[in-house]
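Residue-level structure breakdown
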Amino acid sequence: MAIVALITACQTVATNNAETAASKKQNLLAQAGFKFIAVTTPKQQQAVSQLAQGRCSAVKHNGKLYYVFPTTKKDQIFVGRQKQYNAYKQALAAQQGQQQMAGTPVYTIEERAGPQNVEVEHFGGFGPMGVDALGNW
(Lines give C-alpha, C1' and ligand atoms only; values in the text may rest on other atoms or scores of the structure.)
Protein backbone atom coordinates (compact mmCIF):
# COMPACT_ATOMS: atom_id res chain seq x y z
CA MET A 1 0.00 0.00 0.00
CA ALA A 2 2.81 2.40 0.89
CA ILE A 3 4.49 1.84 -2.49
CA VAL A 4 1.26 2.54 -4.38
CA ALA A 5 0.74 5.74 -2.36
CA LEU A 6 4.33 6.82 -3.04
CA ILE A 7 4.01 6.19 -6.79
CA THR A 8 0.73 8.12 -6.90
CA ALA A 9 2.28 11.02 -4.98
CA CYS A 10 5.27 11.12 -7.35
CA GLN A 11 2.98 11.15 -10.39
CA THR A 12 0.96 14.00 -8.87
CA VAL A 13 4.12 16.03 -8.17
CA ALA A 14 5.38 15.41 -11.72
CA THR A 15 2.02 16.50 -13.17
CA ASN A 16 1.94 19.62 -10.99
CA ASN A 17 5.53 20.49 -11.98
CA ALA A 18 4.68 20.09 -15.68
CA GLU A 19 1.58 22.28 -15.29
CA THR A 20 3.59 24.93 -13.43
CA ALA A 21 6.29 24.93 -16.13
CA ALA A 22 3.65 25.21 -18.86
CA SER A 23 1.97 28.08 -17.01
CA LYS A 24 5.30 29.94 -16.70
CA LYS A 25 5.97 29.45 -20.42
CA GLN A 26 2.50 30.70 -21.30
CA ASN A 27 3.09 33.83 -19.21
CA LEU A 28 6.39 34.43 -21.04
CA LEU A 29 4.68 33.92 -24.40
CA ALA A 30 1.99 36.48 -23.55
CA GLN A 31 4.61 38.98 -22.37
CA ALA A 32 6.55 38.44 -25.61
CA GLY A 33 3.51 39.44 -27.66
CA PHE A 34 2.10 36.06 -28.69
CA LYS A 35 -1.62 36.19 -29.51
CA PHE A 36 -4.08 33.88 -27.78
CA ILE A 37 -6.47 32.03 -30.12
CA ALA A 38 -9.29 29.61 -29.25
CA VAL A 39 -9.39 26.24 -31.03
CA THR A 40 -13.03 25.62 -31.89
CA THR A 41 -13.52 23.26 -34.85
CA PRO A 42 -12.67 19.54 -35.14
CA LYS A 43 -10.22 20.33 -37.98
CA GLN A 44 -8.40 22.85 -35.76
CA GLN A 45 -8.36 20.40 -32.84
CA GLN A 46 -6.86 17.71 -35.05
CA ALA A 47 -4.15 20.07 -36.29
CA VAL A 48 -3.29 21.25 -32.75
CA SER A 49 -3.16 17.67 -31.43
CA GLN A 50 -0.28 17.02 -33.86
CA LEU A 51 1.87 19.78 -32.33
CA ALA A 52 4.56 19.08 -29.74
CA GLN A 53 3.26 19.59 -26.20
CA GLY A 54 4.99 22.12 -23.95
CA ARG A 55 7.02 23.85 -26.65
CA CYS A 56 6.74 26.15 -29.63
CA SER A 57 6.42 24.61 -33.06
CA ALA A 58 7.33 26.42 -36.26
CA VAL A 59 4.59 26.14 -38.88
CA LYS A 60 3.96 27.72 -42.26
CA HIS A 61 0.62 29.02 -43.43
CA ASN A 62 0.22 30.74 -46.80
CA GLY A 63 4.00 31.08 -47.08
CA LYS A 64 4.38 32.84 -43.71
CA LEU A 65 6.24 31.41 -40.73
CA TYR A 66 4.40 31.29 -37.40
CA TYR A 67 5.31 29.88 -34.00
CA VAL A 68 2.54 28.00 -32.22
CA PHE A 69 2.35 26.86 -28.60
CA PRO A 70 -0.66 24.69 -27.63
CA THR A 71 -2.04 25.02 -24.10
CA THR A 72 -2.18 21.89 -21.94
CA LYS A 73 -5.87 21.36 -22.75
CA LYS A 74 -5.17 21.97 -26.46
CA ASP A 75 -8.34 24.08 -26.71
CA GLN A 76 -6.32 27.26 -27.12
CA ILE A 77 -3.02 28.19 -28.68
CA PHE A 78 -0.51 31.02 -28.56
CA VAL A 79 0.61 32.27 -31.98
CA GLY A 80 3.56 34.52 -32.72
CA ARG A 81 5.86 35.56 -35.51
CA GLN A 82 9.69 35.69 -35.52
CA LYS A 83 9.83 38.92 -33.48
CA GLN A 84 7.62 37.48 -30.72
CA TYR A 85 9.50 34.16 -30.76
CA ASN A 86 12.85 35.95 -30.35
CA ALA A 87 11.46 37.96 -27.40
CA TYR A 88 10.14 34.74 -25.83
CA LYS A 89 13.53 33.01 -26.18
CA GLN A 90 15.28 35.99 -24.54
CA ALA A 91 12.78 36.01 -21.66
CA LEU A 92 13.13 32.24 -21.22
CA ALA A 93 16.95 32.52 -21.10
CA ALA A 94 16.74 35.40 -18.60
CA GLN A 95 14.38 33.41 -16.37
CA GLN A 96 16.71 30.41 -16.40
CA GLY A 97 19.67 32.66 -15.59
CA GLN A 98 17.81 34.12 -12.60
CA GLN A 99 17.02 30.62 -11.34
CA GLN A 100 20.67 29.61 -11.59
CA MET A 101 21.84 32.75 -9.76
CA ALA A 102 19.31 32.06 -6.99
CA GLY A 103 20.75 28.58 -6.55
CA THR A 104 17.58 26.90 -7.82
CA PRO A 105 18.33 23.84 -9.93
CA VAL A 106 17.30 24.39 -13.54
CA TYR A 107 16.25 21.42 -15.60
CA THR A 108 15.70 22.56 -19.15
CA ILE A 109 15.29 21.04 -22.52
CA GLU A 110 16.57 23.33 -25.24
CA GLU A 111 13.57 24.66 -27.09
CA ARG A 112 14.26 25.28 -30.73
CA ALA A 113 11.99 25.96 -33.63
CA GLY A 114 12.34 27.61 -36.98
CA PRO A 115 14.04 27.23 -40.30
CA GLN A 116 17.56 26.77 -38.93
CA ASN A 117 16.65 24.26 -36.22
CA VAL A 118 13.75 22.05 -37.29
CA GLU A 119 11.76 21.10 -40.33
CA VAL A 120 8.94 23.58 -40.71
CA GLU A 121 5.58 21.91 -41.14
CA HIS A 122 2.79 23.20 -43.32
CA PHE A 123 -0.22 23.59 -41.09
CA GLY A 124 -3.47 23.27 -43.00
CA GLY A 125 -5.82 23.87 -40.09
CA PHE A 126 -4.16 27.12 -39.11
CA GLY A 127 -6.01 29.74 -41.14
CA PRO A 128 -9.47 29.22 -39.66
CA MET A 129 -8.01 29.80 -36.19
CA GLY A 130 -7.95 33.49 -36.83
CA VAL A 131 -4.32 34.04 -37.82
CA ASP A 132 -5.34 35.82 -40.99
CA ALA A 133 -7.27 38.34 -38.88
CA LEU A 134 -4.13 39.18 -36.88
CA GLY A 135 -2.68 41.05 -39.84
CA ASN A 136 1.03 41.69 -40.46
CA TRP A 137 2.58 42.20 -37.06
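Let me sum up the structure you'll find in this document. (Residues numbered from 1 in each chain as written. Predicted model: local features only at pLDDT ≥ 70, side-chain atom pairs only at ≥ 80, totals over all residues. Heavy atoms only, no water.)

Counting its secondary structure elements, the chain contains 4 helices and 5 strands. Ordered by position from N to C terminus, the α and β elements of the chain give α-β-α-β-β-β-α-β-α. When the accessible surface of the chain is summed, it comes to about 8500 Å², and 54% of that surface belongs to carbon and sulfur atoms. (Helix = DSSP H or I, 4+ residues; strand = E, 2+ residues; numbered from the N terminus. Areas by Shrake-Rupley, 256 points an atom, 1.4 Å probe, with all protein chains shown as cover.)

Turning our attention to the pairing of strand S2 (residues 57–61). Sheet faces and side chains relate simply in a regular strand, where the side chains alternate between the two faces. Within S2, 4 of the 5 residues are buried, which leaves the element mostly enclosed by the surrounding structure. Summarising the sheet, S2 and strand S3 (residues 64–70) pair through 5 bridges and their orientation is antiparallel. Considered in S3, the bridge of alanine 58 is made with tyrosine 67. Adjacent in sequence and paired antiparallel, S2 and S3 are bridged by 2 residues, among which asparagine 62 carries a positive phi angle near 50°. (Buried < 20%, exposed > 50% of the residue type's maximum accessible area, 1.4 Å probe, protein only. Pairing = 2+ DSSP bridges.)

Our focus in this paragraph is the pairing of strand S4 (residues 76–80). The element S4 is extensively covered by neighbouring structure, given that 4 of its 5 residues are classed as buried. As defined by bridge partners, strand S1 (residues 35–38) adjoins S4 across 4 bridges and the pair is classed as antiparallel. Directly across from phenylalanine 36, in S4, lies its bridge partner phenylalanine 78. Remark: 5 residues form the turn of the hairpin made by S3 and S4, two consecutive strands paired antiparallel; lysine 74 in that turn has positive phi of roughly 60°.

The next thing to look at is helix H2 (residues 42–49). Of all the positions in H2, only Gln44, Ala47 and Val48 are classed as buried. Down the axis of H2, the buried side of the element spans an arc of 95°, and every buried residue falls inside it. When the buried face of H2 is taken as reference, the exposed residues oriented beyond 90 degrees from it are Pro42 and Gln46. In this fold, the buried residues of H2 make contact with S1, S3 and S4. (Arc of directions from axis to C-beta. Contact = heavy atoms within 4.5 Å.)

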